[in-house]
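# Structural features, examined
Below, each chain spelled out in residue letters.
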Amino acid sequence: MLWYLIRRAGLLLLSLAVASVLIFAMLRLLPGDVAATVAGIQATPEQIAALRADLGLNRSLPEQYLSWIGGVFHGDFGHSQLNGTSVGAELGEKLAVTAPLIIGSLVLALGLAVPLGTWAAVRHRTKTGEVANALSQLGTAVPGLWLAMLLILVFAVELQVLPAQGFPVDRWAQPGDAVRSLILPCVTLGLSEGAVLFRFARSAILGVLYSEYLRTARAKGMTRTQALVRHGFRNAAPSVVSILGLQFAVLIVGAVVIERVFTLPGVGSMLLSDVANRDLVKVQGEVLLIVSAVLVLGFVVDIVHRLIDPRLEARL
């Protein structure tokens, strides 16, 4: 297991290095001149050239990359090319909104998908099981933007029990207000993601429900529930864990859209604004953070997959 961890950690570091090079290179392929954008339309060529030197844009691309990635290793993501603010400090501030949004949505999705998927699998030959499966199909088909608008209309406009947009200016100084601001966004993402995970959880449980080892456990005197809890879940879990790693990237993309809908000052809103303003230093830091989160979670999922799957564990 130790050797496997070392190999996977090395692959993770290599993936992060390649991702950083691609992010840096692709952003430099965008048309336009950052210095000219910052200087304004009335700037002279001399002023633009001086600004390029101040921003370090007159250096070669390898020098710019090494300077940027070297700072990242020390926790310095650079400074905004537009206003000079620290990218790392601003990312930390925005993560205080985005991280709870994603974690809350993921917890809600799993809390709905696993028990309901198990229940629907056990009752798949009944009408209630068929109804649950049909509702999950409907949930995967409903656009997240439409669901967000519906929740705003019901809970913010009609019932007026939850805020429709915004986040407290002092962030988490007032936890109650902060949590209330995240309820509707988390429910929107959680229901959309939960509908997808429900189908995979149901399929995974169906795959083990009539297996030989479950029949053997039943023959030894266990009830179906006892056999499923003690033997079935562990064999069904790898499929759910694997798809969870893939869906995490989808969840992050969904969070970008939801933050704009609910006017949340998170990383997604920050990224879209910086892309529009062509602030490359901030954009490359934000994209690197998102890509790193996806790669690290993939690494964790792979390790967990090895630990919970007896067949893979036997090969270590």
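Presented here is an overview of the structure given in this document. (Residues numbered from 1 in each chain as written. Predicted model: local features only at pLDDT ≥ 70, side-chain atom pairs only at ≥ 80, totals over all residues. Heavy atoms only, no water.)

## Points about the packing of aromatic side chains
Considering all chains together, one arrives at 4 aromatic pairs under this definition. Between Phe24 and Tyr65, the ring centres sit 5.5 Å apart and the planes meet at 70°, which makes this aromatic pair edge-to-face. Remark: Tyr65 occurs in helix α4 (residues 61–73) and Phe24 occurs in helix α1 (residues 2–28); sequence separation between them is 41 residues. Feature note: the residues Phe24, Tyr65 and Trp68 constitute an aromatic cluster, connected by ring pairs. (Phe/Tyr/Trp six-rings, centres within 6.5 Å; stacked < 30°, edge-to-face > 60°. Helix = DSSP H or I, 4+ residues; strand = E, 2+ residues; numbered from the N terminus.)

## A word on the packing of helix α6 (residues 127–141) against helix α8 (residues 175–209)
Orientation of α6 relative to α8, taken along the N-to-C sense of each, is 140°, at an axis distance of 8 Å. Comparing their axes, α8 and α6 come out oblique. Crossing of α6 against α8: the hand is left-handed. Contacts between α6 and α8 involve Ala132, Asn133, Ser136, Gln137, Gly139 and Thr140 from the former and Ala195, Val196, Phe198, Arg199 and Arg202 from the latter. Among the residues forming the contact of α6 with α8, the class breakdown is 4 nonpolar, 5 polar and 2 charged. (Axes fitted to C-alpha atoms, helices over the stretch in contact; angles between N-to-C directions. Parallel < 35°, antiparallel > 145°, perpendicular 65-115°, else oblique. Left-handed = near helix turned anticlockwise from the far one by under 90°. Contact = heavy atoms within 4.5 Å. Nonpolar A, V, L, I, M, F, W, Y, C, P; charged D, E, K, R; others polar.)

## Brief notes about the pattern of salt bridges
What the rule picks out here adds up to 3 salt bridges. Of the charged contacts, one joins Asp274 and Lys282 as a salt bridge, the two residues approaching to 3.3 Å between their closest N and O atoms. The exposure classification of Asp274 matches that of Lys282, with both residues buried. (Salt bridge = Lys/Arg side-chain N within 4 Å of Asp/Glu carboxyl O. Buried < 20%, exposed > 50% of the residue type's maximum accessible area, 1.4 Å probe, protein only.)

## Let's talk about the packing of α1 against helix α12 (residues 280–308)
Orientation of α1 relative to α12, taken along the N-to-C sense of each, is 160°, at an axis distance of 10 Å. Overall, the two elements α1 and α12 adopt an arrangement that is roughly antiparallel. Here the hand of the crossing between α1 and α12 comes out right-handed. Split by residue class, the contact of α1 with α12 holds 18 nonpolar, 5 polar and 4 charged.

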